[in-house]
Amino acid sequence: MGQKLKIAGWIALGALAGALTTVQLQATARAALAPLPLEELQQLAAVFGMIKSDYVEPVDEKKLIIDAIAGMVSSLDPHSQYFDRKSFKEFREGTEGRFVGVGIEITMEDGLVKVVSPIEDSPAFRAGLKAGDLITKIDDTAVKGLTINEAVKRMRGEPNTQVTLTVFRRDENRTFPVTIVRQEIKTVSVRARVVEPGYAWVRVSQFQERTLEDFARRIEEIARAEPHLKGLVLDLRNDPGGLLDAAVGLSAAFLPDDAVVVTTNGQLEESKATYRAQPRDYLRRAGSDPIARLTEQTQGLLKRIPLVVLVNEGSASASEIVAGALQDHKRATIMGSQTFGKGSVQTVRPLGPDTALKLTTARYYTPSGRSIQAKGIVPDIWVDETPEGNLFAALRTREADLEKHLANGQEPALTDAERQAQRQREREREAARQRLEEEQRKNPGARVLPEFGSEKDFQLQQALNHLKGQPVAVSKTAAERPVKDSNSSSP
């Protein structure tokens with residue numbers, strides 16, 4: 001059973017580590033909206049006092065209060081969170097697309113940290129770490145027993161400080177230490193290339209502060225290299241989201257000026273908003289507009305070029321905003337599988353210089369008024385991951401699987417047939433676990449699915465077929481997944 005749970009966790013990592021917040025950053029102070037419940041506050045104070053006086057060993061008062069705050073916030077939904085000093089710093093680093101560390105993408109395997117790939121030209125890359133390496137110790141701390149977040153925190157630190165990783169390399173059957181000097185790592189959220197004459201592939205892996213600039217630069221390079229571009233594939237698979245304004249800006253690159261990209265609705269008046277394809281809704285600060293520059297330099301190429309958007313169960317939040325806007329405006333064909341279904345917006349409110357509250361403040365809606373919370377974007381054309389089908393997609397967790405997820409607000413209760421379909425998905429999930437375990441036994445450390453953008457990327461090949469007017473291998477088994485009965489009520 002432990003192996004099965006590990007497999008499921010490994011497959012779901014992109015979505016769960018992700019469903020990255022569709023974030024708005026605000027610093028608005030809030031007054032109390034209603035009288036405080038005095039009886040419950042008295043109980044809280046009584047519990048605090050009992051723990052202080054009666055617990056088996058002394059408890060730090062500050063930690064007790066911080067833990068109480070964190071518990072209160074985490075009880076709301078899967079995406080609300082209290083940030084202490086360290087987690088707030090890491091959150092800001094993530095949205096900025098930079099952090100201080102060794103420079104590796106990781107997952108967990110058998111309780112150890114497994115290197116998925118070293119980031120090019122990072123300290124880990126230069127130190128010779130390879131995909132498939134297992135990290136057994138971080139400095140003097142054994143990795144066994146740590147969560148992936150705890151392992152990440154130990155590998156990150158201040159610039160120019162050292163961390164020693166003990167590495168087990170299976171194909172050489174040896175263990176050895178590697179001492180690495182931490183440096184600032186800049187992640188690149190956009191990759192692009194001409195895949196064949198007349199057709200290009202652009203992958204956005206996360207929506208960060210520099211995504212629009214990176215996207216504009218990559219498309220400008222593509223346009224210079226291939227002046228007679230006939231079609232474009234925008235790859236948002238496993239993109240967990242990020243910044244709302246970056247999603248609006250990317251959508252604006254393809255849509256007519258002033259077209260509605262997304263609307264939001266919540267309790268606060270400021271949460272009721274409409275975001276359009278215009279600079280004031282996507283520029284974070286005064287200065288140059290990379291999307292306007294791109295449109296001018298390419299003579300509006302992206303406004304008219306045939307477009308396919310690839311999505312899957314790991315496409316969440318900001319990537320769903322883009323897919324939903326392009327689908328509603330009939331600007332693109334959406335291909336792949338039903339997306340994650342994170343249709344909520346989180347606002348980050350600083351509580352002090354080093355702490356903050358990330359709070360779900362609104363649901364978002366596509367231009368036609370669809371809420372995709374706990375539902376996701378349903379593709380126009382269903383395409384499996386491989387010619388053999390969706391071998392492991394059943395293992396991927398979606399928003400509707402998370403405890404305390406918000407209700408969609410637009411869906412009726414499930415029918416008996418839909419509940420039967422849920423039970424069938426559980427059976428498919430078990431079969432997928434078994435297939436993955438067998439694949440890992442046959443080829444330990446090998447990539448289970450082809451790399452996105454490679455020649456063996458089946459969904460990319462089908463997207464190119466669609467752009468060229470050729471037959472597409474449409475899925476014969478995939479179907480829309482209905483919204484589950486929610487375990488949390490609508491506000």
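Look up a bit, the structure's there.
Structural notes, computed from the coordinates. (Residues numbered from 1 in each chain as written. Predicted model: local features only at pLDDT ≥ 70, side-chain atom pairs only at ≥ 80, totals over all residues. Heavy atoms only, no water.)

### A look at the sheet that holds strand β16 (residues 307-311)
The six strands lie next to each other as β11-β12-β13-β16-β17-β20, forming an open sheet whose pairing is mixed. What marks the edges here is a single partner per strand, and that holds for β11 (190-196) and β20 (381-382). Taken together, the four bridges between strand β13 (residues 231-235) and β16 define a ladder with parallel strand orientation. Paired with L234 across the bridge in β16 is V309. Sheet strands touched by helix α11 (residues 318-328): β13, β16 and β17 (333-336). Its angle to β16, the strand with the most contacts, is close to 140°. Relative to the sheet, helix α13 (residues 458-467) contacts β11, β12 (199-204), β13, β16, β17 and β20, its axis offset from that of β16 by approximately 160°. (Pairing = 2+ DSSP bridges. Helix = DSSP H or I, 4+ residues; strand = E, 2+ residues; numbered from the N terminus. Contact = heavy atoms within 4.5 Å. Axes fitted to C-alpha atoms, helices over the stretch in contact; angles between N-to-C directions.)

### Here's the deal with the packing of aromatic side chains
In this description, a pair of aromatic rings is defined by centroid distance and the angle of the planes. Throughout the structure, instances matching the rule amount to three aromatic pairs. Centre to centre, the rings of F83 and F88 are 5.9 Å apart; their planes meet at 20°, and the pair counts as stacked. Since its relative accessible area comes to 3%, F83 is described here as buried. Judged by its relative accessible area of 6%, F88 is buried. An aromatic cluster is present here, built from F83, F88 and F91 joined pairwise through their rings. The ring of F88 is capped by R92, whose NZ or CZ atom sits 4.2 Å from the centre of that ring. The ring of Y199 has K468 lying over it, and the distance from NZ or CZ to the ring centre is 5.8 Å. (Phe/Tyr/Trp six-rings, centres within 6.5 Å; stacked < 30°, edge-to-face > 60°. Buried < 20%, exposed > 50% of the residue type's maximum accessible area, 1.4 Å probe, protein only. Lys NZ or Arg CZ within 6 Å of the ring centre and 35° of its normal.)

### Some points on a nonpolar patch on the surface
A cluster of nonpolar side chains, L36, L38, L41 and L44, forms an exposed patch at the surface whose accessible area comes to about 420 Å². Along the chain, L38 falls in helix α2 (residues 38-54). With relative accessibility at 61%, the residue L38 sits in the exposed group. (Patch = residues over 30% accessible without salt bridge, like charges linked within 9 Å, V, L, I, M, F, W, Y side chains within 5 Å. Areas by Shrake-Rupley, 256 points an atom, 1.4 Å probe, with all protein chains shown as cover. Salt bridge = Lys/Arg side-chain N within 4 Å of Asp/Glu carboxyl O.)

### Describing the environment of E105
As for its position among the elements, E105 is in strand β4 (residues 104-109). Take E105: its relative accessible area is 44%, and that puts it in the partly exposed class. The spatial distance from the C-alpha of E105 to the C-alpha of V115 is 6.1 Å, given a sequence separation of ten residues. Contact partners of E105, with chain neighbours within four places excluded, come to K114, V115, V116, S117 and I119.

### Quick look at unusual backbone geometry
Phi angles above zero are rare outside glycine, and D258 is one such case at about 75°. Relative to the assigned elements, D258 resides in the loop between α8 (244-254) and β14 (260-265). In this model, S317 sits at a positive phi of 60°, which is unusual for a non-glycine residue. Considering the arrangement of structural elements, one finds S317 in the loop between β16 and α11. The class of S317 is buried, set by a relative accessible area of 0%.

### Section: the pairing of strand β6 (residues 134-138)
Across two bridges, the pairing between strand β5 (residues 112-118) and β6 is antiparallel. In the sheet register, K114 faces β6, and the bridge partner there is L134. The sheet contact formed by β6 and strand β8 (residues 162-169) spans four bridges and is antiparallel. Paired with L134 across the bridge in β8 is F168. Sheet analysis places β6 next to strand β7 (residues 141-142), joined by two bridges and oriented antiparallel. Residue pairing for β7: I138 is matched across the bridge by T141.

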